[in-house]
Amino acid sequence: MSPAFGAMEVEHYAKGVLLEPFLHQVGGHSCVLRFNDKTICKPLIQREHLFYETLPAEIRKFTPQYKGVVSVSFEEDEDGNLCLIAYPLNGDQDNLENVDYSDCSEPKSKLSRWSHKKALLLENDNLTKERLRQHRKEDKMKSHKLDEELDWVKKSEVLYYSVEKKGNVSSQFKHNPWSMKCHQQQLQRMKENAKHRNQYKFILLENLTCRHQVPCVLDLKMGTRQHGDDATEEKKANQIRKCQQSTSAIIGVRVCGMQVYQTGTGQLMFMNKYHGRKLSVQGFKEALYQFFHNGKNLRRELIEPVLKKLTELKVVLETQDSYRFYSSSLLIIYDGKETQEVPMDSDPEDLEDLSEESSDESAGAYAYKPSKNKPSASTVDVRMIDFAHTTCKFYGEDSIVHEGQDTGYIFGLQNLIAIIKEIRDENSE
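None of these values were measured; they are calculated from a predicted model.

Asker: What is the right way to read the overall build of the chain from this model?
Answerer: In terms of helices and strands, the chain carries 13 helices and 17 strands. Across the 429 residues of the chain, 53% fall into the buried class. Long-range contacts, defined here as pairs at least 24 residues apart, represent 80% of the contacts in the chain between residues at least 6 apart. Per element, the accessible surface of the chain, about 21000 Å² overall, is 49% carbon and sulfur.

Asker: Looking at this model, I keep getting lost on the packing of helix α11 (residues 300-318) against helix α13 (residues 407-426). Mind explaining?
Answerer: For any two helices packed against each other, the geometry comes down to the angle between their axes and how far apart the axes lie. Two numbers describe how α11 lies on α13: the axes approach to 10 Å, and their chain directions differ by 160°. By the angle between their directions, the pair α11 and α13 is classed as roughly antiparallel. As α11 packs across α13, the resulting crossing turns out to be left-handed. From α11, Ile303, Glu304, Val306, Leu307, Leu310, Thr311, Leu313, Lys314, Leu317 and Glu318 reach across to α13, where they touch Tyr409, Ile410, Leu413, Gln414, Leu416, Ile417, Ile420, Lys421, Ile423 and Arg424. Residue classes in the contact of α11 with α13 are distributed as 13 nonpolar, two polar and five charged.

Asker: How do you make sense of the side chain of serine 30 when you look at a structure like this?
Answerer: Tracing the sequence through the fold places serine 30 in the loop between β2 (20-21) and β3 (33-36). Leaving out residues up to four positions away in the same chain, serine 30 has contacts with Gln25, Lys42, Pro43 and Cys182.

Asker: Looking at this structure, how should I read the packing of helix α10 (residues 281-291) against α13?
Answerer: At a minimum axis distance of 10 Å, the contact between α10 and α13 shows a crossing angle of 65°. Crossing of α10 over α13 shows right-handed handedness. Every residue of α13 that contacts α10 at Phe284, Lys285, Leu288 and Tyr289 is listed here: Leu416, Ile419, Ile420, Glu422, Ile423 and Glu426.

Asker: Would you take a moment to explain the side chain of lysine 42 for this structure?
Answerer: Secondary-structure assignment places lysine 42 in strand β4 (residues 39-43). Within the structure, lysine 42 has its side chain in polar contact with the side chain of aspartate 386 (distance 2.9 Å). With residues near it in sequence (within four places) discarded, lysine 42 still touches Ser30, Cys31, Val32, Glu48, Phe202, Ile203, Leu205 and Asp386.

Asker: Looking at this structure, how should I read the pattern of salt bridges?
Answerer: If charged atoms from side chains of opposite charge come close, those side chains can pair. Across all of its chains, the model carries 20 salt bridges by this definition. A salt bridge links arginine 383 to glutamate 206; its shortest N-O distance comes to 3.2 Å. Linking arginine 383 in strand β16 (residues 380-385) with glutamate 206 in strand β10 (residues 200-206), this pair joins segments that are 177 residues apart in sequence. Both residues of the pair, arginine 383 and glutamate 206, count as buried. Where arginine 225 meets aspartate 229, a salt bridge forms, and the shortest distance between an N and an O atom there is 2.7 Å. Take arginine 225: its relative accessible area is 25%, and that puts it in the partly exposed class.

Asker: Could you clarify how one ought to interpret α11 in this entry?
Answerer: In an α-helix there are 3.6 residues to a turn, and that puts residues three or four apart on one side. An ideal rise of 1.5 Å per residue puts 27 Å on 19 residues; α11 measures up with 28 Å between its terminal C-alpha atoms. What α11 keeps buried is the set Glu301, Leu302, Ile303, Pro305, Val306, Leu307, Lys309, Leu310, Leu313, Lys314, Val316 and Leu317. Here the buried face of α11 lies against α3 (57-60), β14 (324-326), β15 (329-335), β16 and α13.

Asker: Looking at this model, I keep getting lost on the pairing of strand β5 (residues 66-76). Mind explaining?
Answerer: Regular strands place their side chains on alternate faces of the sheet. Burial of β5 is extensive: nine of the 11 residues sit out of reach of the surface. In the sheet, β5 pairs with β10 via six bridges, with the strands oriented antiparallel. The residue of β10 that forms the bridge with serine 71 is lysine 201. Pairing analysis gives seven bridges linking β5 to strand β6 (residues 82-88), with the strands arranged antiparallel. If you follow phenylalanine 74 over to β6, its bridge partner there is leucine 84. Counted between consecutive antiparallel strands, the loop separating β5 from β6 contains five residues, among which glycine 80 sits at a positive phi close to 85°.

Asker: Would you mind showing me how to read the pairing of strand β11 (residues 215-222) here?
Answerer: The buried fraction of β11 amounts to eight of the eight residues, a majority that puts the element mostly inside the structure. The alternating pattern of β11 places Pro215, Val217, Asp219 and Lys221 and Cys216, Leu218, Leu220 and Met222 on opposite faces, both of which are buried. Inspection of the sheet shows β11 paired to β15 by seven bridges, in the antiparallel sense. Paired with leucine 218 across the bridge in β15 is isoleucine 332. In this sheet, strand β12 (residues 253-262) lies alongside β11 in antiparallel orientation, the contact comprising six bridges. Paired with valine 217 across the strands is glutamine 259, a residue of β12.

Asker: I would appreciate a short explanation of the packing of aromatic side chains in the present structure.
Answerer: The description of an aromatic ring pair uses the distance of the two centres, along with the angle that the planes make with each other. Taken as a whole, this structure holds 12 aromatic pairs when the rule is applied. Between tyrosine 52 and phenylalanine 387, the ring centres sit 5.5 Å apart and the planes meet at 85°, which makes this aromatic pair edge-to-face. In this pair, tyrosine 52 is assigned in helix α2 (residues 46-54) and phenylalanine 387 in the loop between β16 and β17 (389-391), connecting sequence segments 335 residues apart. Taking relative accessible area as the criterion, tyrosine 52 reaches 5% and is therefore assigned buried. Judged by centre distance (5.7 Å) and plane angle (65°), the ring pair of phenylalanine 325 and tyrosine 409 falls under edge-to-face. With a gap of 84 residues between them, phenylalanine 325 in strand β14 and tyrosine 409 in helix α13 connect regions that are remote in the sequence. Residue tyrosine 409 is classed as buried on the basis of its relative accessible area, which comes to 1%. Every member of this aromatic cluster is reached through a ring pair, and the members are Phe51, Tyr52, Tyr66, Tyr323, Phe325, Phe387 and Tyr409.

Criteria and cut-off values
Residues numbered from 1 in each chain as written. Predicted model: local features only at pLDDT ≥ 70, side-chain atom pairs only at ≥ 80, totals over all residues. Heavy atoms only, no water. Helix = DSSP H or I, 4+ residues; strand = E, 2+ residues; numbered from the N terminus. Buried < 20%, exposed > 50% of the residue type's maximum accessible area, 1.4 Å probe, protein only. Contact = heavy atoms within 4.5 Å. Areas by Shrake-Rupley, 256 points an atom, 1.4 Å probe, with all protein chains shown as cover. Axes fitted to C-alpha atoms, helices over the stretch in contact; angles between N-to-C directions. Parallel < 35°, antiparallel > 145°, perpendicular 65-115°, else oblique. Left-handed = near helix turned anticlockwise from the far one by under 90°. Nonpolar A, V, L, I, M, F, W, Y, C, P; charged D, E, K, R; others polar. Polar contact = N/O pair within 3.5 Å; in protein donor to acceptor, adjacent residues only side chain to side chain. Salt bridge = Lys/Arg side-chain N within 4 Å of Asp/Glu carboxyl O. Expected span 1.5 Å × (residues − 1). Pairing = 2+ DSSP bridges. Phe/Tyr/Trp six-rings, centres within 6.5 Å; stacked < 30°, edge-to-face > 60°.

Written out as structure tokens, the structure reads:
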């Protein structure tokens, strides 16, 4: 069908943008893809799109920046690899005037290629076609083993993956297995529908992890109710059961996914939603503690900025009338790479040396120690995401109109704040 997309990085306006896996998706069931360093995209859902286009200014600071809509096609290159390509909607370049394309035109160290069965990451630098064919031949020979590994990954609820040590922590590491699972499901759905439909609308959103070298991400499902007003009786019963069997019904919040860096072992720990549903209230508290713990010590300096932002969000939501954020999630994000601790009596030359990371495997980020200085609130992020079931009286067409606050969501925020304060107080120096 389509030719190889090597030139697409240069001619992205004319030919579109090759969408890559978004490594840091830790929850949800909708596929999230990387558009460029600062932008991600996900399938457009009308209700969520409406939310982003009409949300109040006071809520906007607690959501990802909305950047527009693109058309996404499911295509094959000359070697049979499946690709997702984003094009301006209806050929209208003005649609994407706020999107920074500069990241798309820079050479990528890794190019995402998708086979029919699974995701495959190939080094793109200086690889000839012959070497690429050899890679694919070797991959076919290993397919059975990889399929078995994927089955194991899907069944595992907590995993530890080692970060590749190449002088600093920002080197590429393995996919979060949840991200991989969502990508595969999305590609399979689009493949099955390719004969009847091959144009999909995706919304573009701010990549909240782009400012962090090793993003630690906690996805929390908020509220005591998860089903939308338009849910079928079967869906409603299923969502009620999940809430009753998890911490959602008790404290209005549950773990939906987690990715946290362990300094001591150089590993990323992944926790998925199935494990999160099984947690007791005490287990939820322990998971929160683990999120703020780097394997050596509790990142106490992050707790106050997180509490500050959670409290600000609570105040904002208490002023909102009619909004219901059913099945919405709350993300907490910080950088697993800590700032270097510099003695007060350090020489200027020593400070100069510390300003550049060593290329030695034993140095760089792996030699970093936590700073005793409290970080500014900007070093941590608290954002609401996923609004496919959000409703508000301003939408106009909803058959059910709610009044007042979203008490279930606010209840979850109150308990989340209280539990994080408990962790802080129990681990104060």
